[in-house]
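# Observations on the three-dimensional arrangement
Spelled out from the first residue to the last, the chains are:
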Amino acid sequence: GDSVTQMEGPVTLSEEAFLTINCTYTATGYPSLFWYVQYPGEGLQLLLKATKADDKGSNKGFEATYRKETTSFHLEKGSVQVSDSAVYFCVPYTAGGSYIPTFGRGTSLIVHP
Amino acid sequence: DTGVSQNPRHKITKRGQNVTFRCDPISEHNRLYWYRQTLGQGPEFLTYFQNEAQLEKSRLLSDRFSAERPKGSFSTLEIQRTEQGDSAMYLCASSIQGAPTEAFFGQGTRLTVV
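Residues numbered from 1 in each chain as written. Chains lettered and ligands numbered in written order. Predicted model: local features only at pLDDT ≥ 70, side-chain atom pairs only at ≥ 80, totals over all residues. Heavy atoms only, no water.

Let's shift gears to the pairing of strand 4 (residues 31–37) of chain B. Residues and elements named next belong to chain B. Buried residues dominate strand 4, accounting for seven of its seven residues. Residues Arg31, Tyr33, Tyr35 and Gln37 line one face of strand 4 and the alternating positions Leu32, Trp34 and Arg36 line the opposite face, and both faces are buried. Note: strand 4 against strand 5 (residues 44–50), six bridges, orientation antiparallel. Bridge pairing in strand 5 links arginine 36 to glutamate 44. Hairpin connection of strand 4 to strand 5: six residues between the antiparallel strands, including glycine 40 at a positive phi of 85°. Where strand 4 and strand 9 (residues 88–95) come together, seven bridges link them in antiparallel fashion. Along strand 9, the bridge assignment pairs tyrosine 35 with leucine 91. (Buried < 20%, exposed > 50% of the residue type's maximum accessible area, 1.4 Å probe, protein only. Helix = DSSP H or I, 4+ residues; strand = E, 2+ residues; numbered from the N terminus. Pairing = 2+ DSSP bridges.)

Below, the structure is given as structure tokens:
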């Protein structure tokens, strides 16, 4: 089945630092990929997505490019803010059959002023 | 549409009591998912519906848990004879079948069993 491997957290950064959260995946099909974010005390929401190879998703200064050759969809941001402190989840989607969004533990990001 | 709505937001119950949670998905979404999330963990899949049909249940879902979606719109999750280990955030999500589209999540119902 499909699965992702995310770097373990917490990731602790100072404000304005560069962020990379690694995500590599295995998929039996040809996946689309999503990054979800969960801010403290809030529900999950979609941060960005990519539906095909070399697609770049971007939102709120975050970017991720879906690399088929390296099976990666790393999340990056050039300059993090305290308000980016949250838990980030990389989730694959494969069309066909009974798709169930499957979440790992996510990567916790803590940004200090 | 205001997104996925869950009620109540918080529930405190005594061990052994039954509780029921409600989820109202986004109106045109035919898929509905229930998850459970505990502190420091990601959401764990419990069950999902396509329209009114319950298509899959996790092995996490004991016999004390039951979910319904009688008319393919809102869904309920009932826990009978609650135990302290049931304390968690219960999340509902909905999506459209058949497209690489994301799941939209509600704010969750936080259950505390005392």
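Structure shown, so let's carry the discussion forward.
All names here are of chain A. Spatial strand order, 3-9-8-7: four strands in an open sheet with antiparallel pairing. Taken across any chain shown, the strands that pair with only one partner, and hence form the sheet edges, are strand 3 (19–21) and strand 7 (56–59). Across this sheet, the average inter-strand angle for adjacent strands is 20°, counted without regard to direction. (Axes fitted to C-alpha atoms, helices over the stretch in contact; angles between N-to-C directions.)

Quick look at the nonpolar core now. Core analysis: the biggest nonpolar cluster contains 24 residues, and Leu19, Trp35, Leu47, Leu48, Phe73, Leu75 and Tyr88 of chain A have the highest contact counts within it. Only strand 2 (11–14), strand 3, strand 4 (23–26), strand 5 (32–38), strand 6 (44–50), strand 8 (62–65), strand 10 (86–93) and strand 11 (107–112) of chain A provide two or more residues apiece to this core. Counting residues in each nonpolar core, the second largest holds 19 residues, with Leu32, Leu77, Leu111 and Val113 of chain B among its members. (Core = buried A, V, L, I, M, F, W, Y, C linked by side-chain atoms within 4.5 Å.)

At the interface, 20 residues of chain A touch 21 residues of chain B. Between chain A and chain B the total buried area reaches about 1600 Å² when both faces are included, carbon and sulfur atoms providing 52% of it. The largest contributions to the chain A side of the interface with chain B come from Leu44, Ile100 and Arg105 of chain A, which together make up 29% of the buried area. Between the two partners, chain A and chain B, sit one salt bridge. For the salt bridge of lysine 49 of chain A with glutamate 102 of chain B, the shortest nitrogen-to-oxygen distance reads 3.3 Å. Between chain A and chain B we count five residue pairs in polar contact (both at pLDDT 80 or more) in total. At the level of elements, strand 5, strand 6 and strand 10 of chain A are the ones that each hand at least two residues to the side of chain A that touches chain B. Here the side of chain A that touches chain B takes four residues from strand 5 of chain A, the largest share from any one element. (Contact = heavy atoms within 4.5 Å. Buried area = accessible area lost by both parts, 1.4 Å probe. Salt bridge = Lys/Arg side-chain N within 4 Å of Asp/Glu carboxyl O. Polar contact = N/O pair within 3.5 Å; in protein donor to acceptor, adjacent residues only side chain to side chain.)

This part covers the pattern of salt bridges. The tally for this structure, following the rule as stated, stands at seven salt bridges over all chains. A salt bridge links arginine 67 of chain A to aspartate 54 of chain A, with the nearest nitrogen and oxygen atoms 3.3 Å apart. Here aspartate 54 of chain A lies in the loop between strand 6 and strand 7 and arginine 67 of chain A lies in the loop between strand 8 and strand 9 (75–77), a separation of 13 residues in the sequence. Members of the salt-bridge network, linked through shared partners, are Arg64, Glu83 and Asp86 of chain B.

Just distances and angles here, no functional claims.
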